[in-house]
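Given next are the chains, with one letter for each unit.
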Amino acid sequence: MDERVIARFFQEHREKFLEDIMTLVRIPSVNTPGGGRYPFGEGCARVLDAALAMGERMGFEAENHEYRCGSILMPGTEKGEVGMFAHLDVVPPGDGWKNPPCSPYIEDGWLYGRGSCDNKGPAVTALYAMLFLREMGFKPRRTIRLFLGCSEEKGMGDIVWYLKHYPAPDFSFTPDGAFSVCYSEKGIMEAEFEAPLPGEIVRFSAGAASNSVAASAFALLRTEAKRETEACEIWPGISVKREGDFLRVEAAGKSAHAAFPEGSENAAVMLADYICRRNLVSEEAGKILFFIGDSLKDYYGSGLGIAHEDEELGKLTVIAGMTETGEGRLRQNINIRYPACADAGQMEAALKQAANSCGWRMSWVKNDPPSYVSPDSPFVRTLCRACTNRLGPSFVPYTMGGGTYARKIPGAVAFGPGIRGQKKPGPDGHGGGHQPDECVQLKVLEDALHIYIQALEEVDRL
């Protein structure tokens, strides 16, 4: 397709394109499983209805798969499918936003709001790529399917359900990564540990999701006057105040996606470390908090005895996800992204040993193995060519620790629209997916539109 024709299409549809993204961003769509008609909650149902209505407005076929997910279809002339797999659910907004997370706005060439880059903006971009092809009279041999999921951020039960009821496409990519092509994803292991709640700890709370570094944390403590006096020496990111009969200690960190924790500061780790170092609780309670404040401090697993590194896939990473108290127990969730050289069974054994040594026990664990598609396959080469034609030869295939739908779909890869290493506006810890002030650059979306149009046309020839 002529680049100038695509550019003219984008300018003609720009206002409606951006309004469609913002329409979806305005709908709070955190997955809240509840069963019944809306298995992932009313917010996910509402956003799915809105997205499917956009497809119908453009003249496409739309299918609602029991509110678990949906599809927008551009029928082909022959058998087979090309699938684009996006998601409409988002992580909880968290704190620290400059403006309300579901009140989208555009500033200095960036569109802000929860889900703007992960993954509502890319989903709408994929839809407009289909619209362009339709308006140009393109007749695909294979049906083009835009899948819209509602549970990507919380277990991917939507895509698992879909693949049990429908065949996987011949070729699939998810617009939920960065350019060029992510051909391999690390394995994901999630685990939860619990320990008896010490009497001095009334509550300890941190984190909003397993796959996000905790941005804030607080603890309510029963503590002696002497220890309370010791708490007066405040550390960076820590605040202490009296709250009724208790001492409230708060920590402010920097959030990040679990797959890319570098540069973040985990508030749960900060809080536990501070409480231990200032001797605000007994030795017994300190031993339990040591597991959070020290064993989980290193993002590369050395504190847990699980450090691994692979030449192709990089280092193992681990974060403390959510921490909470209840029913006389303290619970800690962790999220691990591991390369192919790491043995899942050995990791699980090491985690149990590290936890037991601090008075914890593993209550459950689940594992999602790594995925891999050859970077030399015709499919990956075709996608790479579409990318480099627009962005240049420096964009090459890569691997990552992030987990996308690609790991669940046979032969699938992640394909844009992000730019690895791109600096987002605002302070560190803001602007990215799962962070406050999440945003996407309008130029990134425009480039992605060009790339997806070319990719769909060329993949249809394979």
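S.K.: So what about the overall build of the protein chain? Which residues, and what values?
M.R.: What the protein chain contains, in helices and strands, is ten helices and 24 strands. Summarising its shape, the C-alpha atoms of the protein chain cover approximately 75 × 45 × 45 Å along the three principal directions. Within the protein chain, the fraction of its 462 residues that count as buried is 58%. Pairs at least 24 residues apart make up 77% of the contacts formed inside the protein chain by residues separated by at least 6 positions. A total of about 18300 Å² of accessible surface is found on the protein chain, and carbon and sulfur atoms cover 50% of it. If the 50 positive side-chain charges of the protein chain are averaged to one point and the 62 negative ones to another, these points end up 1 Å apart.

S.K.: Could you give an account of the state of the cysteines, naming the residues involved and the relevant values?
M.R.: In protein structure, a disulfide is the covalent linkage between the sulfur atoms of two cysteines. Tallied over the entire structure, the rule returns zero disulfides. You can see C276 has no disulfide; the closest cysteine sulfur is in C358, sitting 9.6 Å from it. Free of any disulfide, C387 has its nearest neighbouring cysteine sulfur in C384, separated by 7.0 Å.

S.K.: Got a sec to walk through the pattern of salt bridges? Specific residues and values, please.
M.R.: Summed over the entire model, instances satisfying the criterion amount to 31 salt bridges. The salt bridge partner of R26 is E19, with a shortest N-O separation of 2.9 Å. The class for R26 is partly exposed, based on a relative accessible area of 37%. For E19, a relative accessible area of 29% gives the class partly exposed.

S.K.: So what's going on with the nonpolar core? Residues and values would help.
M.R.: By size, the foremost hydrophobic cluster in this structure holds 71 residues, and its most contacted members are L146, L148, F173, L383 and F415. Tallying contributions element by element places helix α10 (residues 442–459) first for this core, with eleven residues. Residue contacts for F415: discarding those within four places in its chain leaves F173, T174, P175, A178, F179, S180, V181, L383, C387, I451, Y452 and A455. Ranked by size, the runner-up nonpolar core spans 49 residues in total, among them L247, I275, L351 and W360.

S.K.: Before we move on, can you summarise the pairing of strand β6 (residues 143–149) with the specific residues and values?
M.R.: Counting buried residues in β6 gives seven out of seven residues, a clear majority hidden from the surface. The side-chain alternation of β6 yields two buried faces, one formed by T143, R145, F147 and G149 and the other by I144, L146 and L148. Relative to β6, strand β2 (residues 69–74) runs antiparallel, the two being bridged by six bridges. Among the inter-strand pairings, I72 is bridged to a residue of β6, identified as L146. Looking at chain direction, strand β3 (residues 81–87) and β6 are connected through seven bridges and run parallel. By the bridge assignment, H87 is partnered in β6 with G149.

S.K.: Can you break down the side chain of K120 residue by residue, with the values?
M.R.: Secondary-structure assignment places K120 in helix α3 (residues 120–135). It is E438 that comes nearest to the buried, bridge-free K120 among opposite-charge side chains, at 8.7 Å. Non-local contacts of K120, meaning those with residues more than four positions away in its chain, are made with L24, V25, I27, S29, V47, H87, L88, V90, R114 and G115.

S.K.: Could you give me a rundown of the sheet that holds strand β24 (residues 439–441), with the residues and numbers involved?
M.R.: Strand order in the open sheet formed by three strands is β4-β5-β24, and the pairing between neighbours is antiparallel. The open sheet has two edge strands with one neighbour each: β4 (105–107) and β24. Strand-to-strand twist of the sheet, defined as the mean angle between neighbouring strand axes without regard to direction, takes the value 25°. Strand direction decides the pairing type here: β4 and strand β5 (residues 110–112), joined by three bridges, are antiparallel. Residue pairing for β5: Y105 is matched across the bridge by Y112. Relative to β24, α10 is tilted by about 60°, and along the sheet it contacts β4, β5 and β24.

S.K.: Help me get a handle on helix α6 (residues 267–277), residues and values and all.
M.R.: Among the eleven residues that make up α6, nine are buried, leaving the element largely enclosed by the rest of the structure. Among all positions in α6, only A267, A268, V269, M270, L271, A272, D273, Y274 and I275 are buried. Elements that come into contact with the buried residues of α6 comprise β11 (201–206), β12 (216–221), β13 (238–243), β14 (246–252), α7 (283–295) and β17 (317–326). The N-capping residue of α6, defined by a side-chain oxygen 3.0 Å from the backbone nitrogen of A268, is N266.

S.K.: Report on unusual backbone geometry, specifying residues and quantitative values.
M.R.: Backbone torsion omega between F179 and S180 reads 10°, so that peptide bond is classified as cis. By the element assignment, S180 lies in the loop between β8 (177–179) and β9 (181–185). Cis rather than trans, the peptide bond between G416 and P417 has omega equal to 5°. With respect to the helices and strands, P417 occurs in strand β23 (residues 417–419). Despite not being glycine, M156 shows a phi value in the positive range, around 60°. Summarising the element assignment, M156 is placed in the loop between β6 and α4 (157–165).

The rules we used
Residues numbered from 1 in each chain as written. Predicted model: local features only at pLDDT ≥ 70, side-chain atom pairs only at ≥ 80, totals over all residues. Heavy atoms only, no water. Helix = DSSP H or I, 4+ residues; strand = E, 2+ residues; numbered from the N terminus. Buried < 20%, exposed > 50% of the residue type's maximum accessible area, 1.4 Å probe, protein only. Contact = heavy atoms within 4.5 Å. Areas by Shrake-Rupley, 256 points an atom, 1.4 Å probe, with all protein chains shown as cover. Lys, Arg positive; Asp, Glu negative; His and termini not counted. Charge placed at Lys NZ, Arg CZ, Asp CG, Glu CD. Disulfide = S-S within 2.5 Å. Salt bridge = Lys/Arg side-chain N within 4 Å of Asp/Glu carboxyl O. Core = buried A, V, L, I, M, F, W, Y, C linked by side-chain atoms within 4.5 Å. Pairing = 2+ DSSP bridges. Axes fitted to C-alpha atoms, helices over the stretch in contact; angles between N-to-C directions. Polar contact = N/O pair within 3.5 Å; in protein donor to acceptor, adjacent residues only side chain to side chain.

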